[in-house]
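# Architecture and fold: a report
Residue-level listing of the chains:
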2 protein chains.
Amino acid sequence: MNIGIVGGGQLARMLVLAGYSLGLQFQVLDPATDACVGQVAPLLQGEYDDQNRLNAMADWAEVVTFDFENVPSAAARILEEKVKVHPSSGVLWATQDRLYEKGLFWEMDIPTPVFATVDSLEELQEAIAKVNLPAVLKTRRLGYDGKGQQVLRTPEDIEPAWQALGSVPLLLEGFIPFEREVSVLAARGRTGEMAFYPLVENHHRGGILRLSRAPCPLPELEQEAWDYARRLLERLHYVGLLAIEFFVHEGRLIANEMAPRVHNSGHWTIEGAETSQFENHLRAIAGLPLGATTALGPCAMLNCIGSLPDRAAVLAVPGAHYHAYGKAPRPGRKVGHLTLRAKDHDALAEGLRRLLSLVGYSVEEFGPIC
Amino acid sequence: MNIGIVGGGQLARMLVLAGYSLGLQFQVLDPATDACVGQVAPLLQGEYDDQNRLNAMADWAEVVTFDFENVPSAAARILEEKVKVHPSSGVLWATQDRLYEKGLFWEMDIPTPVFATVDSLEELQEAIAKVNLPAVLKTRRLGYDGKGQQVLRTPEDIEPAWQALGSVPLLLEGFIPFEREVSVLAARGRTGEMAFYPLVENHHRGGILRLSRAPCPLPELEQEAWDYARRLLERLHYVGLLAIEFFVHEGRLIANEMAPRVHNSGHWTIEGAETSQFENHLRAIAGLPLGATTALGPCAMLNCIGSLPDRAAVLAVPGAHYHAYGKAPRPGRKVGHLTLRAKDHDALAEGLRRLLSLVGYSVEEFGPIC
């Protein structure tokens, strides 16, 4: 079966590497000639809205999917005229704008921070009166990894934040003084079959995910997260893998955002779950039965930002696995990740301490296992 | 790091798929324009002794390895003048001829069937007087999957066997009425570090491996197999993964043959072991630390011969994983394998029954779990 992927970063690369053994073939569209998926699959170089490229992919593929959500939804619609597209252009449309995303959370009775739209400095002042400080000002579209966001703590922050972001439509959200951040990954197949991964605990710094641990031992919140995921998957007639990020505040889940694709907080599943998120996304969009999502043991995932740690030192850590994305090192760029699968929490804590040192993260800050 | 592979079949393909995440790049030499590795890595099309191709590979790669052992050892020597080659031309030489292989087993005090060389019908008669019937007549070189072998049970079998095989140097071996067949996989790194996988039980039919189960619950034989593997790895200054196949006869191991490469009986390690045989072979030849070889649970591996079973039906079996090699179906050809990882023996037996039916193997014959 031929699968087209729009977007050729590390997520596409890991999809491809998971898919060959399923008997799938791939073509990937990306504007960059050096997109890292090109090392492992045929790359169609072109803009995401290049009609010729999109038509060529639609002619070749039986299903098209995405490695990131900010593909113009018009491109998805062009593809949909000829070929199955998962997730659909409608899903892309709903998740590309924080306003619609929030609206969906509200509609599905999923708690989310209070919010207000902001299109002028005046509206920002009105929004603050409604939301209160501290608050977070975000661009409605094209934000990722903390980009396009400003935290407003005092009235003095208002004017600079407006200057920084005010050229595009914005959303002001109440700031949640969360105790922790978690995410849930869930997949839905073409027949409506669903599968839910264990809850993941995430640690961000500078807006970028640094560390994930799974399974996160909060069974009640896990049930709640699975319930929210189920509502969204069914509401959207979703096919593929969906990720939802939550704040945990006073023992409750508050939805922050969702991503209609495989997700950084699910990379631990490559070695850590019976079936990886990449394989389950492909199974879902290809109309195949979903695989079990059970964790094989306590796991951790560390992002390598900017550069890769010493490979031999990483591989000397028992249970550690190394994932290079084939990308050139550059400050702030995700160039790889490490996963750690251990037999128990003590072994996980010991291995994690060693890996944290190797990637240059503070052991004091990230090391303690809850 | 750039890795060259000579031979572009499914073993090369699975090496490549295991290697990208380690940050390795690949080039593969194969005479066939449609070698299945070509779907996942750059293919240099050319004969194994094509000096230009070998020189180009040697210039590009830091290490060269093999996906099968019958590469002309002269080709390995050409490569060795310019680049690290693992396993070495000396190892290839020793394992390409059953006479030298047997000699090595004898030298290392590893039990192996009694044998005699045969270069004429007269010598065959003399060899039978020494070895006794039943016996197995084998070509010294280029045998695999039961090809180049004839079992001699009565004196009437002698003449036809000689007619079938007598044009090349032969070996006559005593026939071992074995209770079971097992194999051991072991890896040795550049620094001499070694790692040993759990003992595997193998079931052949028509000379082709059909089913492997691991770990095989024979701890005393496992220790013995690891000891034999250690002797060979050290004697050969081996770097990479080595597989040894044994008969079990009257509670003892009798070495049948070895393969200086990743091995069909190790395919269960992709999902079933902490580190797959493919990753550990690459770690070894790249000078990286070896990974743990622990089994993650009871596992089985089923070869798909000639054609692939229904993919959706396979993936509906809990714990089943599907491995297509991207090869055209053809009678007798290995076109894929299935692995099954289960939480206990009951779950393994249940899943195995379903998979056996799907690949068309007799559940009565292969199903019972020892």
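All residue numbers refer to positions counted from 1 along the written sequence of the respective chain. For this description, chains carry letters from A and ligands carry numbers from 1, given in the order in which they are written. Only residues with pLDDT of at least 70 are given local features in this predicted model, and only at 80 or more are side-chain atom pairs given and counted; all residues enter the totals for whole chains, interfaces and linings. Hydrogens and water are ignored here; the side-chain numbers use all heavy atoms of the structure.

So, on to the packing of aromatic side chains. Only Phe, Tyr and Trp rings are paired, with Trp represented by its six-membered ring, and only when their centres lie within 6.5 Å; those with planes under 30 degrees apart are stacked, over 60 edge-to-face, the remainder tilted. A full pass over the atoms with the stated rule returns 16 aromatic pairs over all chains. Think of it as a cone above the ring: NZ of Lys or CZ of Arg counts as a charge over the ring if it is within 6 Å of the ring centre and within 35 degrees of the ring normal. In this structure, Arg 153 of chain A is placed above the aromatic ring of Phe 175 of chain A, and the distance from its NZ or CZ to the ring centre is 5.2 Å.

Here the focus is the pattern of salt bridges. What makes a salt bridge here is a side-chain nitrogen of Lys or Arg within 4 Å of a carboxyl oxygen of Asp or Glu, nothing more. Scanning all chains against the criterion turns up 29 salt bridges over all chains. In this structure, Arg 98 of chain A engages Glu 257 of chain A in a salt bridge whose closest nitrogen and oxygen atoms are separated by 2.8 Å. Taken together, the positions of Arg 98 of chain A in helix H5 (residues 98–107) and Glu 257 of chain A in strand E15 (residues 252–259) put the pair 159 residues apart, joining distant regions of the chain. Classification of Glu 257 of chain A by relative accessible area gives partly exposed; the value is 22%. The shortest N-O distance in the salt bridge between Glu 350 of chain B and Arg 353 of chain B comes to 3.3 Å. Note that Glu 350 of chain B and Arg 353 of chain B are positioned in helix H12 (residues 345–359) at a spacing of three residues, about one turn of the helix. Note on Glu 350 of chain B: relative accessible area 39%, which makes it partly exposed. Overall, the relative accessible area of 40% leaves Arg 353 of chain B in the partly exposed class. The network of salt bridges with shared partners includes Lys 102, Lys 138 and Glu 173 of chain A. Helical segments are the DSSP runs of H or I of at least four residues, strand segments are the runs of E of at least two, and each set is numbered from the N terminus. Each residue gets one of three labels from its accessible area relative to the maximum for its type: buried under 20%, exposed over 50%, partly exposed in between, using a 1.4 Å probe on protein chains only.

The subject of this paragraph is the domain arrangement of chain A. Domain start and stop positions are those given by an automatic or database domain assignment. Entries for chain A in the domain assignment read domain 1 (2–85), domain 2 (114–174) and domain 3 (180–366). Just the C-alpha atoms count here: the centres of domain 2 of chain A and domain 3 of chain A sit 29 Å apart.

When chain B is fitted to chain A, the best match, at an RMSD of 0.0 Å, comes from turning it 180° and sliding it 0.0 Å along the axis. These values place the two chain copies in the arrangement generated by a two-fold rotation axis. Only heavy atoms enter the contact rule, under which two residues are in contact if any of them lie within 4.5 Å. A share of 100% of the interface residues of chain B reappears at the interface of chain A, consistent with the copies meeting face to face through the same patch. The copies were overlaid by least squares, fitting only the C-alpha atoms of residues that reach a pLDDT of 70 or more in each copy.

Glancing now at the interface of chain B and chain A. Chain B puts 30 residues into the contact, and the matching count from chain A is 30 residues. One can count two salt bridges joining chain B with chain A. Between Glu 274 of chain B and Arg 341 of chain A there is a salt bridge, with its nearest N and O atoms 3.3 Å apart. Counting of polar contacts relies on pairs of N or O atoms within 3.5 Å, with two restrictions inside protein: one atom must be capable of donating a hydrogen and the other of accepting it, and residues adjacent in sequence are counted only when both atoms are side-chain atoms. The interface formed by chain B and chain A holds 15 residue pairs in polar contact (both at pLDDT 80 or more) in total. Contributing elements (two or more residues each) for the side of chain B that touches chain A: helix H1 (10–19), helix H10 (277–285), helix H11 (311–315) and strand E17 (320–324) of chain B. Residue contributions to the side of chain B that touches chain A peak at five residues, all from E17 of chain B. For the side of chain B that touches chain A, the residue count by class is 17 nonpolar, seven polar and six charged. For this scheme, ten residues count as nonpolar: Ala, Val, Leu, Ile, Met, Phe, Trp, Tyr, Cys and Pro. Four count as charged, namely Asp, Glu, Lys and Arg, and the remainder, Gly too, count as polar.

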